[in-house]
Amino acid sequence: MKKRGQITIFVIIALIIVSLAGLFFYLSGGLEQSVFPPETDNVKLFVQSCIEETLEEGIVFVSSRGGYFNLPDNYFDGFLATSYWMYDGRDISPSMEIVELELSKYIENQVGYCIESNEFTDKDFDFQDKKVETVIKADKILVNLKMPTFVTLGDSVSLIKNYKYEENNDVLFRFFSVSKNIIKNIGDSDNSLNIMPIFNITDSQKTDVFIDTYNEDTYIFNLKDRLNERYSFSFVAEVKWM
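What this report covers is the structure whose coordinates are included nearby. (Residues numbered from 1 in each chain as written. Predicted model: local features only at pLDDT ≥ 70, side-chain atom pairs only at ≥ 80, totals over all residues. Heavy atoms only, no water.)

### Details of the overall build of the chain
Secondary structure assignment for the chain yields 5 helices and 10 strands. In the chain, buried positions account for 39% of the 242 residues. Looking at the chain alone, contacts between residues at least 24 apart form 59% of all its contacts between residues at least 6 apart. Split by element, the accessible area of the chain, about 14000 Å² in all, is 53% carbon and sulfur. (Helix = DSSP H or I, 4+ residues; strand = E, 2+ residues; numbered from the N terminus. Buried < 20%, exposed > 50% of the residue type's maximum accessible area, 1.4 Å probe, protein only. Contact = heavy atoms within 4.5 Å. Areas by Shrake-Rupley, 256 points an atom, 1.4 Å probe, with all protein chains shown as cover.)

Now the structure itself:
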């Protein structure tokens, strides 16, 4: 009798486990199916257009600061505010990972202004916290905006987990590569700024370079895109000749 009672208890426990597992998979499946229902398409397209607009603005802004959204503590504050890529003769230029992070900060900080301008009067939105990841490649820029969004339409609630955008744009990668080569060229020089190799670096990169002398040790570099005059990239090199 005792043994039969133990078996009954085990059977009940097993049924509870199976029921809970079934409920979990049912709910998981239902959530997965509601991630991208048809009524959210316009919302996704709108947010992606905001990413596109903010990315364009971000490229221009961080380029004007030598790849930064927030300037480092030690930055050049002459007739323009931008970053040192060389200071006291030392290469302190940012890595590509830092530039990606700074561009992400810009988008994260600014994209909300565009999103808040939406005119979808037939839906309620609940936008959660934003987190942006950006990857700068040789021929494109990839943006992943992680911003869980609950969209309510009548009695239906849909979830959009993130928004991805890809733009064929090589300008930031090109500016970065040319600037790195310029800094290397300066570092290899002994006691003067060798102009010709710098012009040779930019000649094949669809980029023009302009150099202003701030004082005898400080040079301001401004790179211009030949294809789109809106794009320019500025940084400062403070040399220390031997």
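The structure having been displayed, the exposition proceeds.
### Thoughts on the packing of aromatic side chains
Evaluation of the coordinates by the stated rule reveals 13 aromatic pairs. Taken together, a centroid distance of 5.7 Å and an interplanar angle of 40 degrees make the contact between Phe175 and Phe233 tilted. Separated by 58 residues along the polypeptide, Phe175 in helix α4 (residues 171-188) and Phe233 in strand β10 (residues 232-238) bring together distant segments of the chain. Aromatic ring contacts, followed pair by pair, group Trp85, Phe175, Phe176, Phe221, Phe233 and Phe235 into a single cluster. Across from the ring centre of Trp85, 5.8 Å away, lies the NZ or CZ of Lys180, which sits over that ring. (Phe/Tyr/Trp six-rings, centres within 6.5 Å; stacked < 30°, edge-to-face > 60°. Lys NZ or Arg CZ within 6 Å of the ring centre and 35° of its normal.)

### Concerning helix α2 (residues 41-64)
For an α-helix the count is 3.6 residues per turn, leaving residues at separations of three or four pointing the same way. Here α2 is 24 residues long and its end C-alpha atoms lie 35 Å apart, about the 34 Å a rise of 1.5 Å per residue gives. Looking one or two places after α2, you find Gly66, whose phi comes out positive at around 70 degrees. (Expected span 1.5 Å × (residues − 1).)

### Some remarks on the packing of helix α3 (residues 96-115) against α4
Where α3 contacts α4, the two axes come as close as 11 Å, and the packing angle between them is 140 degrees. The angle between α3 and α4 falls in the class oblique. Crossing handedness for the pair α3 and α4: right-handed. On the side of α3, the interface is formed by Met96, Val99 and Leu103, while α4 contributes Leu172, Phe173 and Phe176. Taken together, the residues of the contact of α3 with α4 sort by class into 6 nonpolar, no polar and no charged. (Axes fitted to C-alpha atoms, helices over the stretch in contact; angles between N-to-C directions. Parallel < 35°, antiparallel > 145°, perpendicular 65-115°, else oblique. Left-handed = near helix turned anticlockwise from the far one by under 90°. Nonpolar A, V, L, I, M, F, W, Y, C, P; charged D, E, K, R; others polar.)

### Structural notes on the side chain of Ser234
Structurally, Ser234 can be placed in strand β10. We classify Ser234 as buried; its relative accessible area is 8%. Setting aside residues no more than four positions away along its own chain, Ser234 makes contact with Ser63, Ser64, Arg65, Gly66, Leu80, Thr82, Phe221 and Asn222.

### Examining the environment of Asn228
Mapped onto the elements, Asn228 comes out in the loop between β9 (218-225) and β10. Taking relative accessible area as the criterion, Asn228 reaches 28% and is therefore assigned partly exposed. For the pair Asn228 and Val171, spaced 57 residues apart in sequence, the C-alpha separation works out to 9.3 Å. Of note is the side chain of Asn228, whose polar atom sits 3.0 Å from the backbone nitrogen of Arg230. (Polar contact = N/O pair within 3.5 Å; in protein donor to acceptor, adjacent residues only side chain to side chain.)

### So, the pairing of strand β7 (residues 156-167)
Relative to β7, strand β6 (residues 141-153) runs antiparallel, the two sharing 11 bridges. Bridge pairing links Val151 to Ser158 in β7. What sits between β6 and β7 in their antiparallel hairpin is a turn of 2 residues, with Gly154 showing a positive phi close to 65 degrees. (Pairing = 2+ DSSP bridges.)

### Brief notes about the packing of α2 against α3
The geometry of α2 relative to α3 is characterised by a closest axis approach of 8 Å and an angle of 135 degrees between their N-to-C directions. As judged from the angle between their axes, α2 and α3 are oblique. Crossing of α2 over α3 shows right-handed handedness. Of the residues in α3, those touching α2 at Phe46, Val47, Cys50, Ile51, Glu53, Thr54, Leu55, Glu57, Gly58, Ile59, Phe61 and Val62 are Glu102, Leu103, Tyr106, Ile107, Gln110, Val111, Cys114 and Ile115.

### A few points about the pairing of β9
Burial within β9 is extensive, with 7 of its 8 residues counted as buried. Judged from the 8 bridges that link them, strand β8 (residues 207-215) and β9 form a sheet pairing that is antiparallel. Across the sheet, the residue bridging to Thr213 is Tyr219, located in β9. Count of turn residues in the β8/β9 antiparallel hairpin: 2 residues. If you look at the hairpin formed by β9 and β10, you'll find 6 residues sitting between the two strands.

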